[in-house]
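Secondary and tertiary structure notes
Single-letter residue listing:
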Amino acid sequence: VSVLAGASAGGGLQRGRAATALQRAAARVQPLGAVRLRSSSAEEDMDPKIKDLVDQIASLSLLEAAQLTDALKERLGISDAMMMPAAGAVPAAGATPPPAAEEAAAPEKTAFSVKLEKFDPASKIKVIKEVRALTGLGLKEAKELVENAPKEIKADVKKEEAEELKEKLEAAGGTVVIE
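A brief structural summary. This is a predicted model, so every value here is computed, not measured. (Residues numbered from 1 in each chain as written. Predicted model: local features only at pLDDT ≥ 70, side-chain atom pairs only at ≥ 80, totals over all residues. Heavy atoms only, no water.)

1. Regarding the overall build of the chain
Counting secondary structure elements, the chain contains 10 helices and 3 strands. Listed by position from the N terminus, the elements making up the chain come as α-α-α-α-α-α-α-β-α-α-β-α-β. Relative to its full complement of 179 residues, the chain shows a buried share of 13%. Long-range contacts, defined as pairs at least 24 residues apart, comprise 62% of the intrachain contacts of the chain with a sequence gap of at least 6. (Helix = DSSP H or I, 4+ residues; strand = E, 2+ residues; numbered from the N terminus. Buried < 20%, exposed > 50% of the residue type's maximum accessible area, 1.4 Å probe, protein only. Contact = heavy atoms within 4.5 Å.)

This is the structure in structure tokens:
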């Protein structure tokens, strides 16, 4: 209280008010066990025996609550494995999910990229013309793209379109990969 009172810049009257306010606030603070975090109309309709149990459990320390949990698990025959789904399906430490589950969960790829890996130097002009036709690029851009192979020609295309692009570019003399 004296630290707060001394920190105030305005004389004895302000220090006295700060100290009194702090004392009033301290008097209103309740022990944690006495604080009611939630109240509901359902609690009012509750059986007194259940209400007493809830109050007793709420007043337990963390260690006591852990011991209560262990004792209830043992008495009721509940294993830790049975508790996992209720805890949000969190896998146990060191446990690895089966690989089949990962593969089944992975969605099938729907967007593909068509990449020109290399081309036959004798058919360079044909490949450039085909790249221009497929991409809508100008002559200079298409030439740079082909000469700087391996380069991506088109991205985020459907599998059918990617296969069609691959066929056309390979027919012109290019080596194409679909990723």
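2. Brief notes about the pattern of salt bridges
Within the structure shown, the criterion is met by 5 salt bridges. A salt bridge links Lys 143 to Glu 147; the nearest nitrogen and oxygen atoms lie 3.3 Å apart. Here the residue Lys 143 and the residue Glu 147 both occupy positions in helix α9 (residues 139-147), the gap between them amounting to 4 residues, near one helical turn. Accessibility expressed as a relative area gives 39% for Lys 143, which makes it partly exposed. Note that Glu 161 is salt-bridged to Lys 154, the shortest N-O span being 3.5 Å. Under the relative-accessibility criterion, Glu 161 is labelled partly exposed at 32%. For Lys 154, a relative accessible area of 26% puts it in the partly exposed group. Where salt bridges share partners, they join Lys 124, Lys 143 and Glu 147 into one cluster. (Salt bridge = Lys/Arg side-chain N within 4 Å of Asp/Glu carboxyl O.)

3. Looking at the packing of helix α8 (residues 124-135) against α9
Running from N to C, α8 and α9 point in directions that differ by 120°, and their axes come no closer than 9 Å. One way to sum up the angle between α8 and α9 is to call them oblique. The crossing of α8 and α9 is right-handed. Between α8 and α9, the contacting residues are Lys 124, Val 127, Ile 128, Val 131 and Arg 132 on the first element and Leu 139, Ala 142, Lys 143, Leu 145, Val 146 and Glu 147 on the second. A class-by-class count of the residues in the contact of α8 with α9 yields 7 nonpolar, no polar and 4 charged. (Axes fitted to C-alpha atoms, helices over the stretch in contact; angles between N-to-C directions. Parallel < 35°, antiparallel > 145°, perpendicular 65-115°, else oblique. Left-handed = near helix turned anticlockwise from the far one by under 90°. Nonpolar A, V, L, I, M, F, W, Y, C, P; charged D, E, K, R; others polar.)

4. Some remarks on the nonpolar core
One finds Val 114, Leu 116, Val 127, Val 131, Val 146, Ile 153 and Leu 169 to be the most contacted residues of the largest nonpolar core, which totals 17 residues. For this core, the elements supplying multiple residues, two or more each, are β1 (112-119), α8, α9, β2 (151-157) and α10 (159-172). Sequence-distant contacts of Leu 169, that is, excluding residues within four places in its chain, are made with Val 114, Val 127, Glu 130, Val 131, Leu 134, Ile 153, Gly 174 and Val 176. (Core = buried A, V, L, I, M, F, W, Y, C linked by side-chain atoms within 4.5 Å.)

5. Considering the sheet that holds strand β3 (residues 174-178)
Strand order in the open sheet formed by 3 strands is β2-β1-β3, with antiparallel pairing between adjacent strands. Looking at strand neighbours, the two that pair on one side only are β2 and β3, the edges of this open sheet. Geometrically, the sheet is characterised by an average inter-axis angle of 20° between neighbouring strands, direction not taken into account. Note that β1 and β3 share 5 bridges and pair antiparallel. Looking at β3, one finds that Lys 115 is bridged to Val 177. (Pairing = 2+ DSSP bridges.)

Read these as geometric descriptors, not functional statements.
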